[in-house]
Every structure is written in structure tokens, then in C-alpha cells.
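# Examination of the molecular architecture
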Amino acid sequence: MISTDILIIGAGPTGLFTVFEAGLLKLKCHLIDALPQPGGQCSEIYPKKPIYDIPAYPEILAGDLTEKLIEQCKQFEPGFTLGERAETIEKQDDGTFVVTTNKGTKHHAPIVAIAGGLGSFEPRKPLIPNITDFEDKGVEYIIKDPEIYRNKSVVIAGGGDSALDWSIFLSDVASSITLIHRRNEFRGHLDSVEKVQELKNQGRINLVTPAEVIDIVGDDTHVSGVTVKQSGEEDKEFNIECDYFIPLFGLSPKLGPIANWGLEIEKNAIKVNNALDYQTNIPGVFAIGDVNTYPGKLKLILCGFHEATLMCQAAYQIINPGKKYVLKYTTVSGIDGFDGTRKEAPKAVVKKIN
Amino acid sequence: MGNSQDIKVTIIDREGVSHNIDAPTDMAMNLMEVVRAYELAPEGTIGVCGGMAMCASCQCYVLSDTELPEKQDDEDAMLSEAFYVKDNSRLGCQIQMTPEMNGLKVELAPES
């Protein structure tokens, strides 16, 4: 069981900044995210897009913002459970919570902060009738451990960066790689497209375009191939033998199991008390950032930062009842990291006058 | 009652319900934002990427012969990866509302 002070569900910008604000109050944080890396939508959907409304940054790439937030909170040593989705929440007799993920990892904390953005990111599944029959039997939507594809034959479908990058990477690992895309043009970075072209010329990637997978072939235990429909002067259908089929068509957010936690939901968002501290209808459970709603709500990253700050103050009072907290400025009090580091403004030198 | 800058647009939502609405042309809104403003699709199911042609959650089918801006590479590429794509598919986020679009009729593509 993982224990912490504040269990944060969602490792996007708001979740990451919560670690920093909680750290200033000497509160430890642990984050759960369905994605395999922190950053949420910023790093998953648009890492190379500039954001213009982050204070003090006239322009910053979403991916760079994520990196800086991680750097900023690192000193408070957050824990991470990545690639797992928060599935259930159970209130304990002492008022604390146990949150269990879809992989069975249990987390215990007196405070739960839901910073889930638009929800957990679920893979977009292609419209192949029998695809769900083969999930976990050779159909994978997210690559977590490339080693499982070593010396296996793999078919990847998609035309974006993920499909290109993994085709390139797995060309060194798998026994064969086939990349199938509906068009001849790809949406990824130019250097990735060029690299795939090069690998195709070397015979290390089998490129099939314009084409799409229309059926999956296999038995009760595993995929043995896919049926491909290729367009041309005359459409043709054929089978490609493979051990794994990996459709990479991006992710779409779903509120997911959080919707069943007994929280008050309005328009796909969690209702909170914004006049106080962004607490939900379950005492001890907060919702901050894009996942919450209240009169006047604006879904902006900077609003998530503000909400995280106020929420941490309320969490402190719940964890330390009766203890008086005086707001301090980091310029005055400095920062004591949990890793033993200390940051403080240099003291002014006063020269003695004789 | 709409403003003089408004145009008449018909949007068929994902339940098949037709909505005749006044869409402003003086607020730098795109079609996806109009759909959101009128709450014609649940929050979180449209405009997920914020309007960057990176998610196709605002895909719609153009049913009128209204002249629209040509597809740019980003939109074209996204539609090549999206599901439920038809010949008349467009991304709402890439269609900036202009007075010339008066009478536009679209249907929202299924959520995917």
C-alpha cells in the first residue's frame, strides 16, 4: 500500500503544481495517471504547441511547461503510479481514503485531489468489428514495454507521430514491422517520415498505404494476423501474418470510473465549492483544474494553479486540525525540499561603518 | 433575437436533433466554438484539443453547398486518421464563421 498526505489523480499541469504547493506546507504527494508519463494533455496531445497565457512566459511550448513543472516539484519527491487508472475509492472508518487502480495498486491518503483534466485518456479504437475480442491477446493500444515485441512480427496502424516513432523504434526489436496508414501522407515530424522512408527503402519496414485493417485473424488465445484493405485502381484485400497488432490513433479523454465515485457531476465535470476550497460533496475529496465546475469556472491552466494553491491550504487544515498556518512568501522563507535541499534568497551584505 | 453580425446556421447534434441557431461572425469564433457556446454536445466530447486540429472530436458532415475555406494540411491529415470520415467531413475548429456562411447546415459526426 502506497501512503501519502495528498493523493493526486491526474499528473497534468494542475496535478504537478499541486505537488509544489503541498510541499511548501510540508505535505507529501503521490500522483496517479493513466498515461505512461506525466504532463497530461500538454505532453500527450500538443507538446509542440505554444501556450501564450502562462504568467511570465510570453510563449512556452506545452511540453516545455510540463518539464519545468516536473523540475519545480522534484525537490518535494512526489511518487508516481503511471499507466494505471484510478478505479475505486473507499472511505475508511477514520475518514481517510484508499484508492485502487485498474492494475490493483492501492494508495492510502487522508486527502484525495482529483486533477484529472477532461478525464483519463483512453485509446481511440479503430472501428474493426472484432477488435475487442483480441485485447490483451495481441492487440495493444499503448506500448509500455517494447521488449515484449522482441523477435515478434508486429503490425502498426496509424499516421501520426506515435505510429511513425514506434515503427522506427521497433524496427530494431521486432522480427518484422508493417506500418499501415489510410493515406500516403503522414502527419508526423518530417524527420520521422524521412526515417520511415529510409527504413522502407532498406526493407526494414513494410509500408502499406493507402490501406486500413478491416479484420483481425486469430484464435481464442492470440492474434495470428490482420486483414488489410488497400485502395488503388482496384481495391484489394489480403492477410498479413503477425503476432501483435498495435493501432495508434491517439487518445480521447473520458471521465471514466471517477463518474461512479458518488461525486456530484454536472456536464461531465465535478461540482465543487469554489467559495471555499474546491472541495467536492465528499469531504476530503477535492477537484481542481479542468475536471471541476462551479459558477464562473474558466478552464485555463493558470486557474488550475490558483485552485491547487487554495486546495492545499484546506488540505493542510484537515491534516493538521487546529494548527495555525501563516502564509509565507518563498522570497522570505525559502524552500526546504524533502530531498534535503534548501533554496533561499541570498542575504543582503551589510558593510560595517566604522 | 440575433445581432446584425449573426448568420443562420443549422446544426444536427449527435442525437439527431436539428438546431437552427444564430452564429456570431464578429467574435472570431469557429464552428466548434459555436457548438460549445450553444451546448449542442456535452462538455469534454467536442473541441478536446482546444481547436488545434489534433483530435477530430469536432468532426462534422457538411450538408449544405455552402462555400467553406479549403482544408489545410493539418485538417486533412487529422481527418486521414479519424473515424467515421466521409467525403463531406470537416473539422469544426478549422471553419471560422464568416457572413458568407449564412445558411450553413452541418451534422456532428459520432463521438469516437
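Rules of the game
- Residues numbered from 1 in each chain as written.
- Chains lettered and ligands numbered in written order.
- Predicted model: local features only at pLDDT ≥ 70, side-chain atom pairs only at ≥ 80, totals over all residues.
- Heavy atoms only, no water.
- UniProt positions renumbered as here; feature names shortened; annotations may be inferred.
- Helix = DSSP H or I, 4+ residues; strand = E, 2+ residues; numbered from the N terminus.
- Buried < 20%, exposed > 50% of the residue type's maximum accessible area, 1.4 Å probe, protein only.
- Contact = heavy atoms within 4.5 Å.
- Salt bridge = Lys/Arg side-chain N within 4 Å of Asp/Glu carboxyl O.
- Phe/Tyr/Trp six-rings, centres within 6.5 Å; stacked < 30°, edge-to-face > 60°.
- Lys NZ or Arg CZ within 6 Å of the ring centre and 35° of its normal.

Labelled according to an unreviewed UniProt entry, chain B appears under the name 2Fe-2S iron-sulfur cluster-binding protein, originating from Pontimicrobium sp. SW4. Listed in UniProt under the heading Cofactor (unreviewed entry), the comment for chain B reads: "[2Fe-2S] cluster". On record in UniProt, under Sequence similarities (unreviewed entry), the comment for chain B is "Belongs to the adrenodoxin/putidaredoxin family."

If you look chain A up in an unreviewed UniProt entry, it shows as Ferredoxin--NADP reductase from Pontimicrobium sp. SW4.

### Details of the environment of Gly334 of chain A
All names here are of chain A. With respect to the helices and strands, Gly334 occurs in the loop between α7 (330-333) and β24 (335-336). Exposure remark for Gly334: the relative accessible area of 11% places this residue in the buried category. Discounting residues that sit within four places of it in the chain, Gly334 has contacts with Tyr329, Arg342, Lys343 and Glu344.

### Some words on the pattern of salt bridges
Residues and elements named next belong to chain A. Counting across every chain of the model gives 22 salt bridges over all chains. Glu122 is the salt-bridge partner of Arg85, the closest N and O atoms lying 3.0 Å from each other. On the criterion of sequence distance, the pair formed by Arg85 in the loop between β6 (79-82) and β7 (86-91) and Glu122 in strand β11 (residues 120-123) is long-range, its members being 37 residues apart. Notably, a salt bridge pairs Glu212 with Arg182, separated by 3.8 Å at the nearest N-O pair.

### What about the packing of aromatic side chains?
For the coordinates displayed, the defined rule picks out 9 aromatic pairs over all chains. Ring plane angle 65° and centroid distance 5.7 Å describe the contact between Phe20 of chain A and Phe76 of chain A, whose orientation is recorded as edge-to-face. You can see Phe20 of chain A sitting in helix α1 (residues 13-24) and its partner Phe76 of chain A sitting in the loop between α3 (62-74) and β6, a full 56 residues away along the chain. Seen from their ring centres, Phe76 of chain A and Phe338 of chain A are 5.3 Å apart, and the 75° between their planes marks the pair as edge-to-face. One end of the pair, Phe76 of chain A, is in the loop between α3 and β6; the other, Phe338 of chain A, is in the loop between β24 and β25 (342-343), with 262 residues separating them in the sequence. By relative accessible area, which is 1% here, Phe76 of chain A ends up buried. We classify Phe338 of chain A as partly exposed; its relative accessible area is 26%. What links up through ring pairs into an aromatic cluster is the set Phe17, Phe20, Phe76, Phe305 and Phe338 of chain A. One cation-aromatic arrangement involves Arg124 of chain A over Phe83 of chain B; the distance from NZ or CZ to the ring centre is 4.8 Å.

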